[in-house]
Amino acid sequence: MASPVTLEFELDDDEDPSSSRTARPTARRRPLIERVEGRLTARELLERFRAVRDDWYSPQLAPFVEGIERQLEEELRLSQACEGLPGCDHPDLCRPAAAPPPRAEPTTRRLHLWHPEIWWMSPLVRRRDTPLNMRLPLADNAQALVQELTEHLPAAWRRDRVVVQLEVETHIYWGGCGLRDPDGDGPQVWSPCSFRGDGVGASEDLLQLRRGEVTWLVPTEGAAAPLIRRTLRPGVGLLVAVPIVSFERQEGAAGWLRRQAQRMLRWLGWKQPLVDRDPTFGRRLRADEAYWAQALGMPAPTDADLAQAVKTGARLAPASRPAAMHRPPADGGEGLSHVVLLHGGLTSARSSWSAWLADAAAAAARPGPWQGLPLLDGQRVWRFEHDTFLRVDRNINQLIDSLERQVIGRGERGTLVLLAHSRGGNVARFALPRLRRRWPHWTFLALTAGSPHLGTRVFRQIGRRWAGMSVLVGVFRDVASGLLDKQQMTDLLILERALAYDIPPGFRDVEPEGVERMAKGQPLPEGLAAWGSEWAPPRGRPVEDRVWHRVIEDFAGLEADGDGIVPLHSAKPQGLAQAFDASPVFHTGYFAHAPTVAQIRATLERALSSPPANPA
């Protein structure tokens, strides 16, 4: 049933798609937009596209229109096989029967989403890297919207303070893509492609509901037509826009008092239970440990050891043969050097540095598995496998405790380099000052790639809706039949529920507000080297065939600034003495990018051969 609220959608596009790709339009015209009442389905999307493509796109754009249609056809095939495909069909149409009922619906805690049954489609023909401005005018029906918002508010929240935000999920089916032109002077050349890029654009907090009272949180002009802006690369595509209204329950006085009581109990020595856990951590750890044991020629950890690591959420283990033979000094000593790998969110050392590792453990001939960077085979290299749902502070505490037991011991001097990817770089950054205070005669340095030193909001975007959905779609593409077995579906839905409605504390810590809170006004520490990137798809090539690339590039940040996950200015912040540009690699491609690998190798060699004095 269509929503009684008449939501409208306005768009400032690049140009008229019916004009020639070689001719420059003489005047701007209002973008073409088709409004569709009802629930989005892959079939209706394809049928509507076929009905309007000849009117919407000029004959010169035919090669790119074919790429759009191929993507839509493939999604229809998968939707039919799976009885509804997440991300292509309305959420109500894709509830897998294999999913067990949730024990407690997480939306009742913090976040509730309302999907109005309406969507829009529009052609995109973009020559330049300009923002896409979307507006949803509310001036004529603001009162009706408020009334319907009140009806969709969960009954248990009626007396609480609830903030309402308007969001737009954008699905962009690209048939032609171009590289970003920083100067914007030359004509853009598009290359045929066929892939999809999704994102989420959000307005400011619009209004607050409490006990039947409505308080607008934006000026009148902002409430009349909320602006939602997306950064897009040049290309030829089809835009599908889906509105979402989010209700976020605010903390009341009781919640504030409970948090203060918990803080006091922790100060008195009470151990807070680990309630926010990555449900995939244990399985990933068990699978990887078998690889490392065979690659390093060492015994595999026992089930009890792994169970303890899963319980605590951390495990420091060797990643090279010299590390496997290392014993922490018991009575002083110096001259030792170590490298510690810190992976990013929802990954592991093996997956993060797969470009440097032998694919199969049996192929890891002596001296070790680091075929992509042999330097590491001769060093004491450790991997800190940690649950990234936990707070960054807790990850740091566990890292320091593990280093003292297994690496540093009573060693008087030495060098330790933290080599980190993504969120692991935030653990490394905030660990540096604490490590230096704990062992003032040691030299500690950190090398980070794609780390959100100034924060990123991508986890909020993925966390609310796309974590489970995009993983499902990515895996669907890798299954020949287009179907998952019951266990796979169940595991993915567990992960979706873990992320979708309440962002884990460990991900909140790498949002801009979380980073600012942890930094406490202090500048970035010295001895920190950082790599960032402005990602661009390879000219004339489709998205790579690896599952993780498909998951992220196709469904969780293709249009995002920076490397697709972390903005360039955040991964490569100003003020660092060593800041490198790894463009145009994607977030997961830093360690496969030859110039970046050469820079990391050179930086590691300098640090390990003649370490400088510990920065103050």
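Basis of the calculations
- Residues numbered from 1 in each chain as written.
- Predicted model: local features only at pLDDT ≥ 70, side-chain atom pairs only at ≥ 80, totals over all residues.
- Heavy atoms only, no water.
- Helix = DSSP H or I, 4+ residues; strand = E, 2+ residues; numbered from the N terminus.
- Buried < 20%, exposed > 50% of the residue type's maximum accessible area, 1.4 Å probe, protein only.
- Contact = heavy atoms within 4.5 Å.
- Areas by Shrake-Rupley, 256 points an atom, 1.4 Å probe, with all protein chains shown as cover.
- Salt bridge = Lys/Arg side-chain N within 4 Å of Asp/Glu carboxyl O.
- Axes fitted to C-alpha atoms, helices over the stretch in contact; angles between N-to-C directions.
- Parallel < 35°, antiparallel > 145°, perpendicular 65-115°, else oblique.
- Left-handed = near helix turned anticlockwise from the far one by under 90°.
- Nonpolar A, V, L, I, M, F, W, Y, C, P; charged D, E, K, R; others polar.
- Pairing = 2+ DSSP bridges.
- Expected span 1.5 Å × (residues − 1).
- Core = buried A, V, L, I, M, F, W, Y, C linked by side-chain atoms within 4.5 Å.
- Patch = residues over 30% accessible without salt bridge, like charges linked within 9 Å, V, L, I, M, F, W, Y side chains within 5 Å.
- Lys, Arg positive; Asp, Glu negative; His and termini not counted.
- Charge placed at Lys NZ, Arg CZ, Asp CG, Glu CD.
- pLDDT = per-residue confidence, 0-100.
- Phe/Tyr/Trp six-rings, centres within 6.5 Å; stacked < 30°, edge-to-face > 60°.

Chemist: I'd love a proper account of the overall build of the protein, names of residues and values included.
Modeler: Across its full length, the protein carries 18 helices and 17 strands. Out of the 616 residues in the protein, the part that is buried amounts to 54%. Across the protein, contacts joining residues at least 24 apart in sequence account for 83% of those joining residues at least 6 apart. Surface accessibility of the protein: about 27000 Å² in total, with carbon and sulfur atoms responsible for 51%.

Chemist: Quick rundown of the pattern of salt bridges? Include the residues and the values.
Modeler: Following the criterion strictly, the structure yields 17 salt bridges and no others. Between Glu47 and Arg43 there is a salt bridge; the shortest N-O distance is 3.8 Å. Residue Glu47 and its partner Arg43 are both found in helix 1 (residues 42-56); the two are separated by 4 residues, about one turn of the helix. By relative accessible area, which is 42% here, Arg43 ends up partly exposed. A salt bridge links Asp160 to Arg249, with the shortest nitrogen-to-oxygen separation between them at 2.7 Å. Residue Asp160 is found in the loop between helix 3 (142-152) and strand 6 (162-177), and its partner Arg249 is found in strand 10 (residues 235-249); the two are separated by 89 residues along the sequence. One network of salt bridges, with partners in common, ties together Arg50, Arg53, Glu69 and Glu73.

Chemist: So what's going on with the packing of helix 1 against helix 2 (residues 62-82)? Which residues, and what values?
Modeler: Running from amino to carboxyl end, helix 1 crosses helix 2 at an angle of 155°, the nearest separation of the two axes being 8 Å. For the element pair helix 1 / helix 2, the angle class is roughly antiparallel. For the pair helix 1 and helix 2, the crossing hand works out as left-handed. Across the interface between the two elements, Ala42, Arg43, Leu45, Leu46, Phe49, Arg50 and Arg53 of helix 1 pack against Val65, Ile68, Glu69, Leu72, Glu73, Glu75, Leu76, Ser79 and Gln80 of helix 2. Residue composition of the contact of helix 1 with helix 2, grouped by class: 8 nonpolar, 2 polar and 6 charged.

Chemist: How would you explain the pairing of strand 13 (residues 380-386) if you had to name every residue and give the values?
Modeler: Buried residues dominate strand 13, accounting for 6 of its 7 residues. Where strand 11 (residues 314-318) and strand 13 come together, 5 bridges link them in antiparallel fashion. Bridge pairing links Leu316 to Phe384 in strand 13. Of the pairings in the sheet, the one linking strand 12 (residues 336-342) to strand 13 comprises 5 bridges and is parallel in character. Each residue of the ladder has a partner; that of Val340, found in strand 13, is Trp382.

Chemist: Quick one: what's the story with the sheet that holds strand 16 (residues 528-532), residue by residue and with numbers?
Modeler: In spatial order, the strands read 11-13-12-14-15-16-17; together these 7 strands make up an open sheet with mixed pairing. A single partner strand is all that each edge strand has here, and the edge strands are strand 11 and strand 17 (578-581). The sheet shows a mean angle of 15° between the axes of neighbouring strands, taken without regard to direction. One ladder, built from 4 bridges, connects strand 16 with strand 17; its direction is parallel. The partner of Ala530 across the bridge, within strand 17, is Ala579.

Chemist: Tell me about helix 2, and name the residues and values.
Modeler: Its 21 residues place the ends of helix 2 30 Å apart at the C-alpha level, agreeing with the 30 Å of an ideal helix rising 1.5 Å per residue. Here helix 2 has its buried residues at Phe64, Val65, Gly67, Ile68, Glu69, Gln71, Leu72, Glu75, Leu76, Leu78, Ser79 and Cys82. Phi for Glu83, located one or two positions after helix 2, is positive at around 55°.

Chemist: Give a detailed account of the packing of helix 10 (residues 392-408) against helix 11 (residues 423-438), specifying residues and quantitative values.
Modeler: The interhelical angle for the contact between helix 10 and helix 11, taken along N-to-C directions, is 55°, at an axis separation of 9 Å. Classified by the interaxial angle, the pair formed by helix 10 and helix 11 is oblique. You can see that helix 10 and helix 11 cross each other, and the crossing is right-handed. On helix 11, the residues touching Val392, Asp393, Asn395, Ile396, Asn397, Leu399, Ile400, Leu403 and Glu404 of helix 10 are Arg423, Asn426, Val427, Phe430, Ala431, Arg434, Leu435 and Arg438.

Chemist: Before we move on, could you go through the pairing of strand 11 and cite the residues and values that matter?
Modeler: Of all the 5 residues making up strand 11, 5 are buried; the element is thus mostly covered by neighbouring parts of the structure. A two-sided burial pattern is seen for strand 11, the buried positions comprising Ala314, Leu316 and Pro318 on one face and Arg315 and Ala317 on the other.

Chemist: Let's hear about the nonpolar core: which residues, and what values?
Modeler: Grouped burial of nonpolar side chains is what soluble globular proteins tend to show. Counting residues in each nonpolar core, the largest one holds 35 residues, and the members touching the most others are Phe9, Leu149 and Phe247. If you tally residues by element for this core, the top one is strand 6, at 7 residues. Ignoring anything within four residues of it in the chain, the contact list for Phe247 reads Arg110, Leu111, His112, Trp114, Leu149, His152, Leu153, Trp157, Val162, Val163, Val164 and Leu209.

Chemist: An account of unusual backbone geometry is requested, with residue identities and associated values reported.
Modeler: Looking along the chain, the bond that leaves Ser583 and enters Pro584 is cis, with omega of 10°. Phi is positive for Lys520, close to 55°, though the residue is something other than glycine. Note that Lys520 resides in the loop between helix 15 (512-519) and strand 16.

Chemist: Help me get a handle on the environment of Leu604, residues and values and all.
Modeler: With respect to the helices and strands, the residue Leu604 is situated in helix 18 (residues 594-609). Its relative accessible area of 0% is what places Leu604 among the buried residues. With 159 residues separating them along the chain, Leu604 and Leu445 place their C-alpha atoms 9.7 Å apart. Apart from residues no more than four positions distant in its own chain, Leu604 is found in contact with Val339, Leu373, Leu375, Leu376, Val417, Leu419 and Leu447.

Chemist: So what about a positive patch on the surface? Which residues, and what values?
Modeler: Taken together, the side chains of Arg159, Arg161, Arg210 and Arg211 define a basic patch exposed on the protein surface. Structurally, the position occupied by Arg211 is in the loop between strand 7 (191-210) and strand 8 (213-216). Judged by its relative accessible area of 53%, Arg211 is exposed.

Chemist: Can you break down the confidence of the model for the protein residue by residue, with the values?
Modeler: Looking at the protein as a whole, the pLDDT averages 78, with 73% of positions reaching at least 70. Scored below 50 in pLDDT, residues 20-28 shows 17 contacts in the model against residues more than four places distant or in partner chains. Here residues 463-501 scores under 50 on pLDDT; set against residues more than four positions off or in separate chains, the count is 103 contacts.

Chemist: How would you sum up the packing of aromatic side chains? Please name residues and give values.
Modeler: We describe a pair of aromatic rings using the distance from one ring centre to the other and the angle between the two ring planes. With the rule as written, the count across this model stands at 12 aromatic pairs. Considering the side-chain rings of Phe64 and Trp190, the 6.0 Å spacing of their centres and the 85° angle between planes classify their relative orientation as edge-to-face. One end of the pair, Phe64, is in helix 2; the other, Trp190, is in the loop between strand 6 and strand 7, with 126 residues separating them in the sequence. With a centroid separation of 6.0 Å and an interplanar angle of 40°, the aromatic rings of Trp292 and Trp370 are classed as tilted. Of this pair, Trp292 sits in helix 6 (residues 281-296) while Trp370 sits in the loop between helix 9 (349-352) and strand 13, and the two are 78 residues apart along the sequence. As far as the burial class goes, Trp292 and Trp370 line up, both buried. Here a set of aromatic residues connected by ring pairs shows up, and it is made of Tyr291, Trp292, Trp353, Trp356, Trp370 and Phe591.

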